[in-house]
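The lines below spell out each chain.
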Amino acid sequence: MATGHTDPQRRERILAATLDQIAEEGVAGVSHRKVAARAAVPLGSMTYHFSGMDDLLREAFTRFADRIVAVFEEHLGRADSPEQAREAVADLVHTLSEGPGRDLILTQELYTLAARRPEYQELTQAWMRRSRRLLERHFDPDTARQLDALIEGLTLHRALDNGAPHGRELTLRAVTRITTAV
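Residues numbered from 1 in each chain as written. Predicted model: local features only at pLDDT ≥ 70, side-chain atom pairs only at ≥ 80, totals over all residues. Heavy atoms only, no water.

Caption draft 1: Main features of the packing of aromatic side chains. Under the definition given, this model contains 2 aromatic pairs. Put simply, the rings of Phe64, Tyr111 and Trp127 touch in pairs and so form one group of aromatic residues. (Phe/Tyr/Trp six-rings, centres within 6.5 Å; stacked < 30°, edge-to-face > 60°.)

Written as C-alpha cells, this is what we have:
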C-alpha cells in the first residue's frame, strides 16, 4: 500500500468507499475496518483523516448531497423561462429515479440517520436549502418548497415501482399543477 505522501487521493477513496459500504450494508454496516479494506488503505488512515465514525459519515454524506445538488444545478441552470423550468424539474425527477439505485439507498440512509440524530438533520436541512435556492431561481419560495417535496416523493415512487413507473407526462402535469396553481 502507498503511503500518504505518495497517495494524495487516499482521503477521497475513503469517502467513496464509505458511501459504497453504506449503499451495500447500510449505515449500521459501516466500520473503519470495512471501509479501509474497501478503499485499500491501512486501517490507521481512517483515524488519520477522520476524527471518528461521525466525522467520516458526515463528510461522506455531505459529498453525496453535493453531488445531488450538482444534478439539480445541471438541470435547473439551463432553464430560461417558467416553462423550461417546469420541463427541467420533470427531467430532474426522471434522472434521479432512473439513476443508480445506490443514490436512492444513500438518500434513505441519510434521512433515517437524520430522523434519529440532530447533527444529521442539520446536514439534510442544508441540502434542502440548497435545492430550494436553485428552485427559487424560477419559482417563489412556497412553490419551491412544494416542488422540492414533490421531487423527493415522485423520485422515490418512480424508483420503487418496478412494475410500471409513471411516465414523464404525469410528472410534468404534477409540476405544472404546483407551479401554476392559484
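Caption draft 2: Molecular detail of unusual backbone geometry. Despite not being glycine, Ala40 shows a phi value in the positive range, around 55 degrees. Note that Ala40 resides in the loop between α2 (32-39) and α3 (44-49). Looking at Ala40, the relative accessible area reads 48%, which means it is partly exposed. (Helix = DSSP H or I, 4+ residues; strand = E, 2+ residues; numbered from the N terminus. Buried < 20%, exposed > 50% of the residue type's maximum accessible area, 1.4 Å probe, protein only.)

Caption draft 3: Seen up close, the layout of surface pockets. Here the largest pocket defines a volume of roughly 320 Å³. In terms of lining, the largest pocket is formed by 20 residues, of which the most central are Ile68, Leu96, Asp103, Thr107 and Thr155. Elements with a contribution of two residues or more to the lining of the largest pocket: α4 (53-76), α5 (82-98), α6 (101-116) and α8 (141-160). Residue classes in the lining of the largest pocket are distributed as 10 nonpolar, 7 polar and 3 charged. (1 Å grid on protein atoms, 1.4 Å probe; cavity = no way out; pocket = protein on both sides within 12 Å on 5 of 7 lines; lining within 4 Å. Points joined across faces, edges and corners; volume = space filled by probe spheres on them. Nonpolar A, V, L, I, M, F, W, Y, C, P; charged D, E, K, R; others polar.)

Caption draft 4: Focus on the pattern of salt bridges. One pass over the structure, following the stated rule, counts 20 salt bridges. In this structure, the salt-bridge partner of Arg158 is Glu98, at a minimum N-O distance of 3.2 Å. A residue pair is termed long-range when its members are at least 10 positions apart, and Arg158 in helix α8 and Glu98 in helix α5 qualify at 60 residues. The exposure class assigned to Arg158 is buried, which follows from its relative accessible area of 9%. For Glu98, a relative accessible area of 56% puts it in the exposed group. A salt bridge links Asp148 to Arg132; its shortest N-O distance comes to 3.5 Å. Of the two residues, Asp148 is situated in helix α8 and Arg132 in helix α7 (residues 118-135); the sequence distance between them amounts to 16 residues. (Salt bridge = Lys/Arg side-chain N within 4 Å of Asp/Glu carboxyl O.)

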